[in-house]
Amino acid sequence: MPTMPTLRRAAALALIAVAWPFAPALAQTDADFLAAKAAFERGDRARLAVLAPKLARHELAPYVEYWQLKAGLEEASSAAVRAYLERYPNTPLADRLRADWLKLLGRTAVWHQFAVDWPPPASDDVELACYGVLYKWQRDGDDALVAAKPLWFTEKATPEACEPAFAALIQRGDLTPADRRARFRLAHEAGNLRTAQALGAGLPGKDRVPDREFGEVSREPLRALDRGNFAWTTGGGRELALFALERAARADAGAARPAWVKVRDRMPEADRRYGNARLAFHAARQLNPAANDWFREAGSAPLSADAHAWRVRAALRAQAWDDVAAAIDAMPEAQRQEAAWRYWRARSLAAQGRGDDANALLAVLAGETHFYGVLAAEALGRRFVPPASVPVTPPADAVAAFAARPAVKRAVKLAELDLRPESQREWIYVVRSLPDDDALLLAAGYASSVGLYDRAINTADRTQARHDYALRYLAPYRTEFEAAAKAHDVDVALLYAIARQESRFAVDIVSSAGAVGLMQLMPGTARWVAKQLARNDYRPALIGDAELNTQFGAYYFKYWLERLDRMPALAAAAYNAGPGRAQAWRPPAPLEGAIWVETIPFNETRDYVKKVLANAIVYGHAFNSSQPPLTTRLGTVAPRNGAVNGAPVTAAALRTE
């Protein structure tokens, strides 16, 4: 399997050819760097110390210095850490070292040194935030503890560093029993049972949920809910009943409903509405036709952002437009302004006879380049046309200056060495420092020129006013994609749309599940396609080859397109999540394709299908090819008609949500 995109490999070979006398040293230096990385990862400080001097002038020397400091951080001096931070400011390694150093100082309560580097750059590191609270607490007194309270409300287990502050807040009464019950609910709603069990056992007095009872309910939630043997007069008993409902509804909301109805009147109104909302949420995600009615029973119960979204989707699936409008109006303002909910609010207004109001919303959306922008333009009776590109043509010296930046050189070198996550982090730090759209487009163009197509696309996507759609929607490997499209009678714009989402055209990318290449083929899928195409020359080492990968990906997509009513939305869902799921998500009665896509239960697959179909429209426009309207491609999804068997599934289909 190739380990480097063709262009990057060619560039590397050209460099070695030009500097032939130095080529062995260059290759050996890179090999030493990879050896140093391996030594760090296995904790071999002696080997790392031997290799480090050889790499002092290497482009990636900051990594070697970081590894040495990190490996011996407990013995490191403040001066050594400070020197590194000052030598490599605004880099991912400096921020990581600063965080590690602050955590060490926090654990050992060396607050006078902690103060030197606090606060760090913006970070979502909870452990670090808790050490910051402890530092301010010893400096400023009890009033500083208030900063820890927002950190309490999480579904996850919190670091040990947070416990002193939380304990003090509980003792002071600033974390109330209601706050503690709220976090217990967050944990079991997220399915984090170990965290939920610990939180439940730690609830005070009659709110406590004993470990034994928690375990019994966890094992047989529907049986426990149906029996209803809870201590209804205590907070702990009611929380246990709601936990039983959560677990039972997560498995099968329809089966949980009768047991819940039997006991819910024993709950206080607020708890009853909360339980109704959780049941309706799970029913909506399971595409239960009754979900919209069950959401009505939740009344004004507070909802998470996810539950708000599924309240709208349940109403859409039921085609209850008044409920769609009410559910969107009940959302927090920021969520209500998301493109999806602006579009569906416009549709609900149109269904209510308020055409002028609907068209005003659609007119704004139609100027935006995404799934809903395309739908909005078509709802107004016109074809979607991407806004005109305004590319930049930077002078050669500006490009050379950008390419010479140490961080840019590190990002390119790391990519050449197949260290993709490290390369991406370096590039993120480069991009976030760029001052305007022109600088972003220069960076995107440079990334494209050196074969870092994923970074080129992501960088071009960040512009605010000046856009270059040729960079946002790159079309490399044109020969391979066009040949694959012609061989298997698939729209080339659709193939590009899939590859843009699957790999961002990183030919050598391998997912955590083992999917490979431009079209992200699993090895088993590739073997199956090779058999169907009678490709006796296929070997696993070829799976990443651009020509073979696009041919096999095109065949696989076409295979499911033919078996799923020639509907690209269904075929894209099958490509991402597996054909069995795409079939299972079909409605009991014909349903508008846009509503079907909006109500795909998997977040990843729903987003994937929207982006693939919108990408295809943009690529089709760029290729001057005749594209059917998006609404035509979405069509009407018919009920399931028999099982779909045959090909293996893709990587995404191997996991659940």
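Bear in mind the structure is a predicted one, so any value in this text is a computation, not a measurement.

Chemist: How should the pattern of salt bridges be read in this particular structure?
Modeler: Opposite charge on two side chains allows them to pair when their charged atoms are near. Counted by the stated rule, this structure contains 55 salt bridges. Between R586 and D565 there is a salt bridge; the shortest N-O distance is 2.4 Å. With R586 in the loop between α35 (579–584) and β1 (591–592) and D565 in the loop between α33 (546–563) and α34 (568–577), the pair connects residues that are 21 residues apart, well separated along the chain. Residues joined in a network through salt bridges with shared partners are R185, R238, E239 and D271.

Chemist: What should I look at first to understand the environment of T29 in this one?
Modeler: Along the polypeptide, T29 turns up in helix α2 (residues 23–41). With a relative accessible area of 21%, T29 lands in the partly exposed category. Once the C-alpha coordinates of T29 and L51 are considered, the two residues, 22 residues apart in sequence, prove to be 9.7 Å apart. Apart from the residues within four sequence positions on either side, T29 is in contact with L55 and H58.

Chemist: Explain the nonpolar core to me, please; I cannot follow it from the model alone.
Modeler: One recurring pattern in soluble globular proteins is that nonpolar side chains are buried together. The biggest cluster of nonpolar side chains holds 124 residues, and the ones touching the most others in it are W344, F481 and W596. Element by element, the count of residues in this core is highest for α33, at 10 residues. Ignoring sequence-local partners within four residues, the contact set of F481 consists of P476, V492, L495, Y496, A499, F505, L518, M519 and T550. Residues A161, Y274, L279 and F295 belong to the second largest nonpolar core, which totals 91 residues.

Chemist: Before we go on, may I ask you to explain the packing of aromatic side chains in this structure?
Modeler: Two descriptors summarise a pair of aromatic rings, namely the distance from one centre to the other and the angle between the planes of the rings. One pass over the structure, following the stated rule, counts 38 aromatic pairs. Relative to Y555, the ring of W528 has its centre 6.1 Å away and its plane inclined at 50 degrees; by these criteria the two rings are tilted. One end of the pair, W528, is in helix α32 (residues 523–532); the other, Y555, is in helix α33, with 27 residues separating them in the sequence. You'll find W528 and Y555 in the same group, each marked buried. Linked through ring pairs, Y469, Y473, F481, Y496, F505, Y619 and F623 together constitute an aromatic cluster.

Chemist: Is there a simple way to explain the environment of S423 in this structure?
Modeler: Mapped onto the secondary structure, S423 falls in helix α26 (residues 420–432). With a relative accessible area of 0%, S423 lands in the buried category. Taking the C-alpha atoms as reference points, S423 and V412, 11 residues apart in sequence, are found 6.9 Å from one another. Apart from the residues within four sequence positions on either side, S423 is in contact with A411, L414, A415 and R455. At 2.3 Å, the side chain of S423 and the side chain of R455 are in polar contact.

Chemist: How should I be thinking about the layout of surface pockets in this particular structure?
Modeler: Remark: the empty space left among the atoms is shown by a probe the size of a water molecule rolled over them. Put simply, the second largest pocket is a space of about 410 Å³. In terms of lining residues, the second largest pocket is bounded by 22 residues, among which T369, H370, F371, D607 and K611 are the most central. Mapped by element, the contributors of at least two residues to the lining of the second largest pocket are α23 (371–379), α31 (492–502) and α37 (603–622). Broken down by element, the lining of the second largest pocket gets its largest block of residues, eight residues, from α37. Partitioning the lining of the second largest pocket into residue classes produces eight nonpolar, five polar and nine charged.

Chemist: I keep staring at the state of the cysteines and nothing clicks. Help me out?
Modeler: Here a disulfide denotes one covalent bond, and it connects the sulfur atoms of two cysteines. For the structure shown, the criterion picks out one disulfide. In this model, C130 is linked to C162 through a disulfide, with the two sulfur atoms separated by 2.0 Å. As the torsion about the S-S bond is roughly 95 degrees, the C130-C162 disulfide counts as right-handed. Here C130 is found in helix α8 (residues 126–140), whereas its partner C162 is found in the loop between α9 (149–152) and α10 (163–172), with 32 residues between them in sequence. Here C130 and C162 have matching classes, each one buried.

Chemist: Help me out: how do you make sense of the packing of helix α19 (residues 321–329) against helix α21 (residues 339–351) in this one?
Modeler: Geometry of a packed helix pair, given as the angle between the helix axes and the separation of the axes. In the contact formed by α19 and α21, the axes pass within 9 Å of each other and the chain directions differ by 140 degrees. Judged by the inter-axis angle, α19 sits oblique to α21. Note on packing geometry: the crossing formed by α19 with α21 is left-handed. Contact residues: W321, V324, A325, I328 and D329 in α19; W341, W344, R345, R347, S348 and A351 in α21. Residue composition of the contact of α19 with α21, by class: seven nonpolar, one polar and three charged.

About the criteria used
- Residues numbered from 1 in each chain as written.
- Predicted model: local features only at pLDDT ≥ 70, side-chain atom pairs only at ≥ 80, totals over all residues.
- Heavy atoms only, no water.
- Salt bridge = Lys/Arg side-chain N within 4 Å of Asp/Glu carboxyl O.
- Helix = DSSP H or I, 4+ residues; strand = E, 2+ residues; numbered from the N terminus.
- Buried < 20%, exposed > 50% of the residue type's maximum accessible area, 1.4 Å probe, protein only.
- Contact = heavy atoms within 4.5 Å.
- Core = buried A, V, L, I, M, F, W, Y, C linked by side-chain atoms within 4.5 Å.
- Phe/Tyr/Trp six-rings, centres within 6.5 Å; stacked < 30°, edge-to-face > 60°.
- Polar contact = N/O pair within 3.5 Å; in protein donor to acceptor, adjacent residues only side chain to side chain.
- 1 Å grid on protein atoms, 1.4 Å probe; cavity = no way out; pocket = protein on both sides within 12 Å on 5 of 7 lines; lining within 4 Å.
- Points joined across faces, edges and corners; volume = space filled by probe spheres on them.
- Nonpolar A, V, L, I, M, F, W, Y, C, P; charged D, E, K, R; others polar.
- Disulfide = S-S within 2.5 Å.
- Axes fitted to C-alpha atoms, helices over the stretch in contact; angles between N-to-C directions.
- Parallel < 35°, antiparallel > 145°, perpendicular 65-115°, else oblique.
- Left-handed = near helix turned anticlockwise from the far one by under 90°.

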